[in-house]
Amino acid sequence: MVRGTITRLVSAAGAMVIAVVLTFGFAPGAAAAPKKDEPNAMEIKGKGISKSIVIRQADEPRLFEMLFTEVDWLAAARPQTSAPKSGKLGDKYTLTILVKDAPSQTYDLYPQAAGGPRAYRPAKQPSGKKAAGWFYGRLSMSESLRLSGAPLEAKPDVVNGGIGGGVGENLNADVNPVESASEVFGEIRRLFLLNGAVLLAILVGLAGMAFLIRRRI
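Everything numeric here is computed off the predicted structure, so don't read it as measured data.

Thresholds, definitions, all that
- Residues numbered from 1 in each chain as written.
- Predicted model: local features only at pLDDT ≥ 70, side-chain atom pairs only at ≥ 80, totals over all residues.
- Heavy atoms only, no water.
- Helix = DSSP H or I, 4+ residues; strand = E, 2+ residues; numbered from the N terminus.
- Buried < 20%, exposed > 50% of the residue type's maximum accessible area, 1.4 Å probe, protein only.
- Contact = heavy atoms within 4.5 Å.
- Areas by Shrake-Rupley, 256 points an atom, 1.4 Å probe, with all protein chains shown as cover.
- Salt bridge = Lys/Arg side-chain N within 4 Å of Asp/Glu carboxyl O.
- Lys, Arg positive; Asp, Glu negative; His and termini not counted.
- Polar contact = N/O pair within 3.5 Å; in protein donor to acceptor, adjacent residues only side chain to side chain.
- Pairing = 2+ DSSP bridges.
- Patch = residues over 30% accessible without salt bridge, like charges linked within 9 Å, V, L, I, M, F, W, Y side chains within 5 Å.
- Core = buried A, V, L, I, M, F, W, Y, C linked by side-chain atoms within 4.5 Å.
- Axes fitted to C-alpha atoms, helices over the stretch in contact; angles between N-to-C directions.
- Left-handed = near helix turned anticlockwise from the far one by under 90°.
- Nonpolar A, V, L, I, M, F, W, Y, C, P; charged D, E, K, R; others polar.
- Phe/Tyr/Trp six-rings, centres within 6.5 Å; stacked < 30°, edge-to-face > 60°.

Of the regular secondary structure elements, the protein chain holds four helices and six strands. Counting over 217 residues, the protein chain shows a buried share of 32%. Once local pairs closer than 6 in sequence are excluded, the contacts in the protein chain between residues at least 24 apart make up 54%. Total accessible area on the protein chain is roughly 13700 Å²; 59% of this is exposed by carbon and sulfur atoms.

Here you go:
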């Protein structure tokens, strides 16, 4: 009788652990949720660029990420400033985000504008119409474009992450810091969930043992 009761309790505990694992999605070998289509390349056109420059994420991950951060926030942002005077904008560089090599978003960048870099979001976008607007650009805009191949004066002191002292260094790297950070957070999440499942199994076991002891008493 006691042996049968123990067997049933063990089976019940095992079923509960499996249910928790399936619910939170941290079972060994569980497939990750499919990612939506993400940008795979950036295209640059502008003054002094005879042939459009294409920076591919697969080939130059660090340079792609640096360039992408200049415009990735513009799609959903509200305009920040009125249109500057045309004579104070400087040279224009058009940057197009490509998804599966097809245009998705396009922006006009003015890294030499008086008072700091500016960015313009045209109303006509490859992915659909947007509200046109002007924005203050990041101070690193000029250097990001220059490292990508645009004929601009070097301004290494405005680039985050210490790149300034190493202008001219190869930015191609096997490690993508954004992807690495995502993987670390994912591992931490799975660790916490796994610990929760183990704790639950222990509690169920203790409850079963207490039940058997009471029955025998």
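Before going further, it helps to examine the pattern of salt bridges. Scanning the entire structure with this criterion turns up four salt bridges. Salt-bridge contacts for D101 lead to R56; the nearest nitrogen and oxygen are separated by 2.6 Å. Pair noted here: D101 is in the loop between β3 (93-99) and β4 (102-110) and R56 is in strand β2 (residues 53-56), with a separation of 45 residues, a long-range link.

The phi dihedral of K100 is positive, around 55 degrees, even though this residue is not glycine. Structurally, K100 can be placed in the loop between β3 and β4. You can call K100 exposed: its relative accessible area is 61%.

A separate point is the side chain of R118. With respect to the helices and strands, the residue R118 is situated in strand β5 (residues 118-121). Despite its burial, R118 pairs with no opposite charge; the closest candidate is E70, at 12 Å N-O. Polar contacts involving the side chain of R118 include one to the main-chain carbonyl oxygen of G116, which spans 2.9 Å. Sequence-distant contacts of R118, defined by excluding residues within four places in its chain, comprise T81, P84, D108, L109, Y110, A113, W134, F135, Y136, G137 and M141.

Here we come to the pairing of β5. As paired elements, β4 and β5 share three bridges and run antiparallel to each other. Counterpart to Y110 in the pairing with β5 is R118.

This next bit is on the environment of E65. In this fold, E65 is placed in helix α2 (residues 61-68). In this structure E65 comes out as buried when scored by relative accessible area, which is 19%.

The next thing to look at is a nonpolar patch on the surface. A cluster of nonpolar residues, V198, L199, I202, L203, L206 and M209, forms a patch on the protein surface that exposes about 580 Å² of accessible area. By the secondary structure assignment, L206 is in helix α4 (residues 177-216). For L206, a relative accessible area of 48% corresponds to the partly exposed category.

Counting residues in each nonpolar core, the largest one holds 24 residues, and the members touching the most others are M42, V71, L95, L109 and L145. Sort the elements by how many residues they give to this core and α2 lands first, with four residues. Setting aside anything within four residues of it in sequence, one finds L145 in contact with I44, L67, Y93, L95, L109, P111, A150 and L152.

Another aspect to go through is the packing of α2 against helix α3 (residues 141-148). Between α2 and α3, the shortest axis-to-axis distance is 9 Å and the interhelical angle comes to 145 degrees. Helix-helix and strand crossings are classified by hand; for α2 and α3 the assignment is left-handed. Facing L63, M66 and L67 of α2, the residues of α3 in contact are S144, L145, L147 and S148. Looking at the contact of α2 with α3 residue by residue, the class counts come to five nonpolar, two polar and no charged.

Moving on, we get to the pairing of β4. For a regular strand, the rule is simple: side chains alternate between the two faces of the sheet. Burial analysis of β4 places seven of its nine residues in the buried class, which makes it a mostly covered element. Two strands pair when backbone bridges link them, and β3 and β4 are joined in this way by seven bridges, in the antiparallel orientation. Residue pairing for β4: I97 is matched across the bridge by Q105. Counting the residues between successive antiparallel strands, the hairpin from β3 to β4 contains two residues, one of them, K100, with a positive phi of roughly 55 degrees.

Along an α-helix, residues three or four positions apart point the same way, because every turn accommodates 3.6 residues. With seven of eight residues buried, α2 is to be regarded as a mostly interior element. For α2, every residue scored as buried is listed here: P61, L63, F64, E65, M66, L67 and F68.

Let's shift gears to the packing of aromatic side chains. Given two aromatic rings, one states the distance between the centres and the angle between the planes to describe the pair. Scanning the model with the defined rule gives four aromatic pairs in all. Between F64 and F68 the ring centres are 5.8 Å apart and the planes differ by 10 degrees, which places this aromatic pair in the stacked class. Separated by four residues within a single helix, F64 and F68 lie in helix α2, roughly one turn from each other. Assessed through its relative accessible area of 3%, F64 is described here as buried. Residues W73 and F135 carry aromatic rings whose centres are separated by 5.8 Å and whose planes lie at 90 degrees to one another, so their mutual orientation is edge-to-face. On the criterion of sequence distance, the pair formed by W73 in the loop between α2 and β3 and F135 in strand β6 (residues 133-136) is long-range, its members being 62 residues apart. What makes W73 partly exposed here is its relative accessible area of 28%.

Honestly, that's just the spatial picture; any functional story needs more than this.
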